[in-house]
Amino acid sequence: MQDYSEFVRAMRAALTWCGTLRVDQEGATEQVWLLTPDGREFLFRVPLAGIFDAVTALDSDIMSDPDDGRPIIGQLGLFAVHVQEAVDTAGGGERVLEFTRYGVDAQ
């Protein structure tokens, strides 16, 4: 079974500039929310395990940077860019973040 504690800490750090991440508990089935600086709250459609699977599906060698202590840091950096783009392009009513073939989209 995956221990998500370290992943949640790294994800919070990567998404700091996007907003504040909320995870009630650090289990596989836990829901994850992002509260943006302007007060909007987005729910990730998939639970924590789904986010982990989507983020780590990226090729860690391509995303790696010699300054990153772990490959997941680069993967989360790209994830944060996709999340910020989804938040920036969200209309008035979208409040769910969903993984797509090309990144993350607000629904």
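Keep in mind that this is a model prediction, so the values were computed, not measured.

Draft legend 1. Region of the structure containing the nonpolar core. Within the largest apolar cluster, 30 residues are counted, with the highest numbers of intra-cluster contacts made by F7, M11, F44, L76, F79, V83 and L97. The greatest single-element share of this core, amounting to seven residues, is contributed by helix α4 (residues 71–89). Setting aside residues up to four positions removed in sequence, L97 forms contacts with L34, F42, L43, F44, R45, V83, A86, V104, D105 and A106.

Draft legend 2. Examining the side chain of Q84 more closely. Along the chain, the position of Q84 falls in helix α4. Residues in contact with Q84, not counting those within four places in the same chain, are W17 and C18.

Draft legend 3. Spatial organisation of the pairing of strand β2 (residues 32–35). Inspection of the sheet shows strand β1 (residues 20–23) paired to β2 by four bridges, in the antiparallel sense. Directly across from L21, in β2, lies its bridge partner L34. As paired strands, β2 and strand β3 (residues 41–44) are joined by three bridges and run antiparallel to one another. Its bridge partner lying in β3, L35 is registered against E41. Between the antiparallel neighbours β2 and β3 lie five residues, among them G39 with a positive phi of about 95 degrees.

Draft legend 4. View of the environment of L48. As for its position among the elements, L48 is in helix α2 (residues 48–56). Look at L48 and you get buried, because its relative accessible area is 0%. Here the alpha-carbon distance between L48 and T29, two residues 19 residues apart in the chain, equals 6.0 Å. Residues in contact with L48, not counting those within four places in the same chain, are Y4, F7, V8, M11, V23, E26, G27, A28, E30 and V32.

Reading the values: rules and limits
Residues numbered from 1 in each chain as written. Predicted model: local features only at pLDDT ≥ 70, side-chain atom pairs only at ≥ 80, totals over all residues. Heavy atoms only, no water. Core = buried A, V, L, I, M, F, W, Y, C linked by side-chain atoms within 4.5 Å. Buried < 20%, exposed > 50% of the residue type's maximum accessible area, 1.4 Å probe, protein only. Helix = DSSP H or I, 4+ residues; strand = E, 2+ residues; numbered from the N terminus. Contact = heavy atoms within 4.5 Å. Pairing = 2+ DSSP bridges.

Just geometry here; none of it tells us what the structure is for.
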